[in-house]
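Breakdown of the fold
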Amino acid sequence: MAFNPEISDYIKNKIPPPDNTIKKFGNFISSKIQEHGTLCTTVLAEVEKILSPFKTQHQNRFFCRIDTDHKLKSPVGIIEKIIRGNRELGNKGDEFTLENFNTRMTDLARFRIVCNFLSDVFLVQKAIKNSNELKSAFKIKEKISIEQRPAQRKSGERSVKLILEYKNKPGLFLEIQIMTQLAEAWDKKDHYLIYEIRRMSPDKDEENFSDFSDAKMFAMAELLYIADNYFDDLKKQREKK
Amino acid sequence: MKLRDEKQKKGHLLTIISKKDRTDNFSFFFPVEGLSQFDTLLKISKGFEDCLASFKNDYDYSGYSISDFGKAGEVFPEIDIHRILIFEQAEFLSAASTFIPEFGQALVNRCIKKNRQIFPGIVTGAMASGSNFYDRNKDMSTIKKHLLEGKNILLRAPRRYGKTSLLTHITKTFSHSMDICFVDLEGGDSSEEFVELILKGILLNKNFHQYLPGHILKAAKASGSDRGRLDILRSERKAIRKDWKTYIEFIFHCIDKAEKDTPSVFILDEVSFLIEDMLERKDNEKNEVEELFQWFSKIRGKYKNIQFILSGSEHLPTFLNVFGIEGQLDDFQETSLNLFSKKIATQFIFLVFAGHKTIVSQKEIESILKLMGKPIPYFLQLFLDALLTACREKTALNPEQIKEVYYNDLLGSGSKRYFESIEKQLERYNRYGKRCRAGAKAILDKLAQADFVPIEELEIIWEETTGGSEQFTRMMEIMKDDFYIKPNRKNNIIFDSKLIKEWWFRHGL
């Protein structure tokens with residue numbers, strides 16, 4: 001696997017031996033996020049119970065599915081985030097480190113709920129937020145990027161993110177992303193076309209996207225948002241009949 | 001106690017991966033139903049991590065969240081899907097919801113040792129071998145130590161303690177460090193047959209073929225089948241009958257003179273049966289047994305590179321003594337085979353139930369052991385078998401139903417055949433003297449009805465029943481072996497097995 005030299009150096013110099021190699025560093029990182037995996041398993045089971053009545057209610061159409069393909073952030077993604085965080089924060093004392101990343105990063109464990117309609121996203125958001133089981137076990141914070149003003153938007157992503165922090169163990173986080181099918185489709189393409197390239201060399205947008213593919217992808221996200229709104233209107237009209 | 005639900009597809013996979021070869025891995029899958037199981041799942045994950053502490057240089061530990069168990073191999077191609085075992089959390093949790101390290105450790109050890117079967121099966125009426133053979137590590141290392149010190153061993157244990165299973169297991173596992181030949185003496189009733197059975201043992205063990213006379217070796221090579229071996233034994237019978245001592249001494253001589261660094265060991269199992277049957281032969285006298293033992297003593301002095309493990313009932317020396325036979329066994333290192341410790345028995349029960357997809361709690365295991373008393377392997381297996389059968393029928397058993405299985409099934413008339421060997425022992429007691437059977441029965445009847453009985457009182461019972469007291473002490477020794485009776489700390493006599501006591505109370509009185 002080819003890594004950004006900055007990541008390779010970090011692995012070599014910061015991760016304690018004998019795990020400070022490209023081949024082994026993953027074991028070191030994974031060993032620190034075992035609890036996150038366990039948490040993800042149980043919250044997933046709980047969320048499926050929460051969503052079950054909705055699926056029954058909307059059995060004549062697709063309501064939502066849970067995407068569990070990447071439940072734990074990859075070890076290289078974690079290292080990259082530590083480095084990027086430090087670069088952005090500039091050693092102000094609240095940066096990520098190998099010692100604290102597993103209690104500070106809120107997206108180490110995550111899964112995605114992909115909904116058919118925009119209004120379904122908000123139904124799911126509400127149901128999860130109001131679940132007594134989840135409310136009693138977690139502090140729940142929201143990050144909503146679906147309905148943001150243009151000035152606030154950093155990327156094309158439009159989702160609701162619920163960040164759950166386990167009350168019995170502060171610092172143990174899990175992120176639930178809720179988005180529409182169109183937003184997810186966009187995200188998967190963007191991940192390959194833009195995100196990964198930018199992650200490898202964050203300061204070279206001019207060079208990497210000289211064809212303005214980054215701008216085009218951003219614009220596409222906005223178009224899909226309009227489409228989602230339109231589909232939702234059509235749905236409402238049909239349901240009124 | 002209930003059958004495990006293995007339908008749930010969503011859950012958590014705990015995987016243990018070899019550091020040297022990541023394709024060498026095994027996993028435990030715990031279905032998860034909701035958030036309420038998070039804290040316990042954490043405890044189980046941590047518990048297994050701790051169980052791996054002694055293997056941490058060789059194995060990594062990892063957890064995977066699984067949405068669809070059937071697709072685990074597709075999502076995590078590194079995982080060996082053929083080595084995934086499904087459990088429910090309850091199987092590893094105490095009543096206080098803490099992880100039970102004994103269970104985790106027992107499971108991890110079996111998986112790491114790559115037992116062909118992870119879970120020991122139930123063996124009733126046959127030897128426990130291979131993966132069904134459980135633990136006995138301490139006994140095995142003691143025996144190995146004595147053998148490497150050049151000692152002969154007299155392995156003693158009451159009936160049904162698993163001597164033959166242990167010795168068969170030893171034959172297989174020690175064969176890397178010594179030439180070891182298992183000889184089953186059951187069925188023999190003469191010195192000639194003693195030799196014939198040794199020859200049979202040698203024919204069954206290729207490592208010993210090199211010491212056979214040329215013509216037998218040739219025949220053994222030509223035919224490795226049971227039929228072929230029978231033909232050889234038949235053809236050698238004449239030579240053995242002509243002079244059994246010269247015959248076997250020639251083979252022992254060849255073994256003794258072989259230039260090798262490792263000892264040659266003969267395991268002579270069921271010596272008691274051989275002697276009993278020799279004595280029972282109408283045309284026989286104790287002189288033949290005495291002659292055999294004298295010769296056996298002589299060859300032990302003569303062939304220094306051959307060692308013997310003699311195995312028979314606990315009372316072998318007493319038995320010989322009853323018949324005034326000088327066993328000359330003083331050079332043997334006596335080794336007793338004990339029962340499973342409580343911890344080992346608990347782990348064994350857990351694994352047996354887990355292997356049958358049945359959840360059994362720590363408390364239920366305690367109740368099983370309390371109900372039957374001493375975990376005599378044969379009877380423990382019978383009890384577990386009865387419990388599993390009942391649980392399969394009802395899908396779950398409550399504590400009251402566990403008791404019912406013990407009293408109605410195990411101690412019920414339907415199980416009488418499993419206890420026949422005990423009754424048969426009593427039938428044979430008259431060989432020790434007139435009315436010995438009646439005397440022994442009177443003692444057992446008394447013991448079955450009391451918590452304990454002073455030995456003096458039993459002696460009076462014996463005297464009243466048999467008309468004399470001369471055989472009392474020896475018979476008590478013999479009964480220890482056959483009926484699991486023993487003196488307690490105050491030297492009163494008790495049934496050491498609660499199960500046998502209760503069985504006798506129901507069916508023996």
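Summary of the structure given here. (Residues numbered from 1 in each chain as written. Chains lettered and ligands numbered in written order. Predicted model: local features only at pLDDT ≥ 70, side-chain atom pairs only at ≥ 80, totals over all residues. Heavy atoms only, no water.)

Regarding the overall build of chain B
- Looking only at helices and strands, one finds 21 helices and 14 strands in chain B.
- Dimensions of chain B along its principal axes, counting C-alpha atoms only, are 75 × 60 × 40 Å.
- Every one of the 509 residues in chain B was classed for burial, and the buried ones make up 55%.
- Restricting to contacts in chain B with at least 6 residues of sequence separation, those with at least 24 account for 73%.
- By element, 48% of the accessible surface of chain B is carried by carbon and sulfur atoms, the whole surface being about 23,100 Å².
- Chain B carries 75 positive and 73 negative side-chain charges, and their two centres are separated by 2 Å. (Helix = DSSP H or I, 4+ residues; strand = E, 2+ residues; numbered from the N terminus. Buried < 20%, exposed > 50% of the residue type's maximum accessible area, 1.4 Å probe, protein only. Contact = heavy atoms within 4.5 Å. Areas by Shrake-Rupley, 256 points an atom, 1.4 Å probe, with all protein chains shown as cover. Lys, Arg positive; Asp, Glu negative; His and termini not counted. Charge placed at Lys NZ, Arg CZ, Asp CG, Glu CD.)

Some remarks on the interface of chain A and chain B
- Taken together, the contact pairs 24 residues of chain A with 22 residues of chain B.
- Here chain A and chain B share an interface that buries about 1,700 Å² over both sides, 59% of which is from carbon and sulfur atoms.
- When the buried surface of chain A facing chain B is broken down by residue, Gln34(A), Thr38(A) and Thr41(A) rank first, second and third, together holding 30% of it.
- Between chain A and chain B we count 1 salt bridge in total.
- The salt bridge involving Lys10(B) is made with Glu48(A); its shortest N-O contact spans 2.9 Å.
- On the surface where chain A and chain B come into contact, there are 11 residue pairs in polar contact (both at pLDDT 80 or more).
- The set of elements that each furnish at least two residues to the side of chain A that touches chain B consists of helix H3 (34–57) and helix H7 (132–137) of chain A.
- In terms of residue count, H3(A) provides more of the side of chain A that touches chain B than any other element does, 14 residues in total. (Buried area = accessible area lost by both parts, 1.4 Å probe. Salt bridge = Lys/Arg side-chain N within 4 Å of Asp/Glu carboxyl O. Polar contact = N/O pair within 3.5 Å; in protein donor to acceptor, adjacent residues only side chain to side chain.)

Brief notes about a nonpolar patch on the surface
- A cluster of nonpolar side chains, namely Met220(A), Leu223(A) and Ile226(A), defines an oily patch on the protein surface of about 300 Å² accessible area.
- What makes Leu223(A) exposed here is its relative accessible area of 52%. (Patch = residues over 30% accessible without salt bridge, like charges linked within 9 Å, V, L, I, M, F, W, Y side chains within 5 Å.)

Focus: the packing of aromatic side chains
- If you walk through the whole model with that rule in mind, you get 45 aromatic pairs over all chains.
- Measuring from ring centre to ring centre gives 6.2 Å for Phe87(B) and Phe119(B), while their planes differ by 70°; the resulting arrangement is edge-to-face. Placement of Phe87(B) in the loop between strand S5 (84–86) and helix H3 (101–112) and of Phe119(B) in the loop between H3 and helix H4 (137–148) is noted, with a sequence separation of 32 residues between them.
- Residue class for Phe87(B) comes out buried when judged on its relative accessible area of 0%.
- What makes Phe119(B) buried here is its relative accessible area of 15%.
- Where Phe340(B) meets Phe348(B), the ring centres are 5.6 Å apart and the plane angle is 50°; that geometry is what we call tilted.
- The class of Phe348(B) is buried, set by a relative accessible area of 2%.
- Directly above the ring of Phe117(A) sits Lys235(A), whose terminal nitrogen or CZ lies 5.4 Å from the centroid.
- Between the NZ or CZ atom of Arg160(B) and the centre of the ring of Tyr378(B), over which it lies, the distance is 4.0 Å. (Phe/Tyr/Trp six-rings, centres within 6.5 Å; stacked < 30°, edge-to-face > 60°. Lys NZ or Arg CZ within 6 Å of the ring centre and 35° of its normal.)

Concerning the sheet that holds strand S3 (residues 25–31) of chain B
Residue and element names in this part refer to chain B.
- Strand order in the open sheet made by the 4 strands is S4-S2-S3-S5, with mixed pairing throughout. Only two strands of the sheet have a single partner each, and these edge strands are strand S4 (59–66) and S5. Shown here is a sheet whose adjacent strand axes are inclined to one another by a mean of 20°, direction ignored.
- As judged from the 7 bridges shared by strand S2 (residues 11–18) and S3, these two strands associate in the antiparallel manner. When the sheet's bridge partners are listed, Gly11 is paired in S3 with Pro31.
- Across the face of the sheet, H3 comes into contact with S2, S3, S4 and S5 while running at roughly 145° to S3. (Pairing = 2+ DSSP bridges. Axes fitted to C-alpha atoms, helices over the stretch in contact; angles between N-to-C directions.)

Quick look at the pairing of strand S8 (residues 264–269) of chain B
Residue and element names in this part refer to chain B.
- In terms of burial, S8 is a largely internal element, 6 of the 6 residues being buried.
- Here S8 shows a buried face lined by Ser264, Phe266 and Leu268 and a second buried face lined by Val265, Ile267 and Asp269.
- Two elements, strand S7 (residues 179–184) and S8, share 6 bridges in a ladder whose sense is parallel. In the sheet register, Ile180 faces S8, and the bridge partner there is Val265.
- As paired strands, S8 and strand S9 (residues 306–313) are joined by 6 bridges and run parallel to one another.

As for the pattern of salt bridges
- Overall, the coordinates contain 49 salt bridges over all chains when judged by the stated rule.
- The closest approach of N and O atoms between Arg83(B) and Asp24(B), which form a salt bridge, is 2.9 Å. Residue Arg83(B) is found in the loop between helix H2 (72–75) and S5, and its partner Asp24(B) is found in the loop between S2 and S3; the two are separated by 59 residues along the sequence.
- When its relative accessible area of 22% is taken as the criterion, Arg83(B) is described as partly exposed.
- Among the ionic pairs, Asp445(B) bridges to Lys441(B), the shortest N-O distance being 2.8 Å. Of this pair, Asp445(B) and Lys441(B) both sit in helix H18 (residues 436–448), separated by 4 residues, roughly a single helical turn.
- With a relative accessible area of 15%, Asp445(B) lands in the buried category.
- Its relative accessible area of 22% is what places Lys441(B) among the partly exposed residues.
- Several salt bridges share partner residues, and in doing so they unite Arg65(A), Asp67(A), Glu184(A) and Lys188(A) into one network.

Description of the environment of Arg65(A)
All names here are of chain A.
- Examined against the element boundaries, Arg65 turns out to sit in strand S1 (residues 64–67).
- Arg65 sits in the partly exposed class, given a relative accessible area of 33%.
- Non-local contacts of Arg65, meaning those with residues more than four positions away in its chain, are made with Arg112, Ile113, Val114 and Glu184.
- Separated by 2.8 Å, the side chains of Arg65 and Glu184 make a polar contact.

Thoughts on the side chain of Arg136(B)
- Examined against the element boundaries, Arg136(B) turns out to sit in the loop between H3 and H4.
- Sequence-distant contacts of Arg136(B), that is, excluding residues within four places in its chain, are made with Tyr161(B), Leu166(B), Leu337(B), Asn338(B), Leu339(B), Phe340(B) and Pro377(B).

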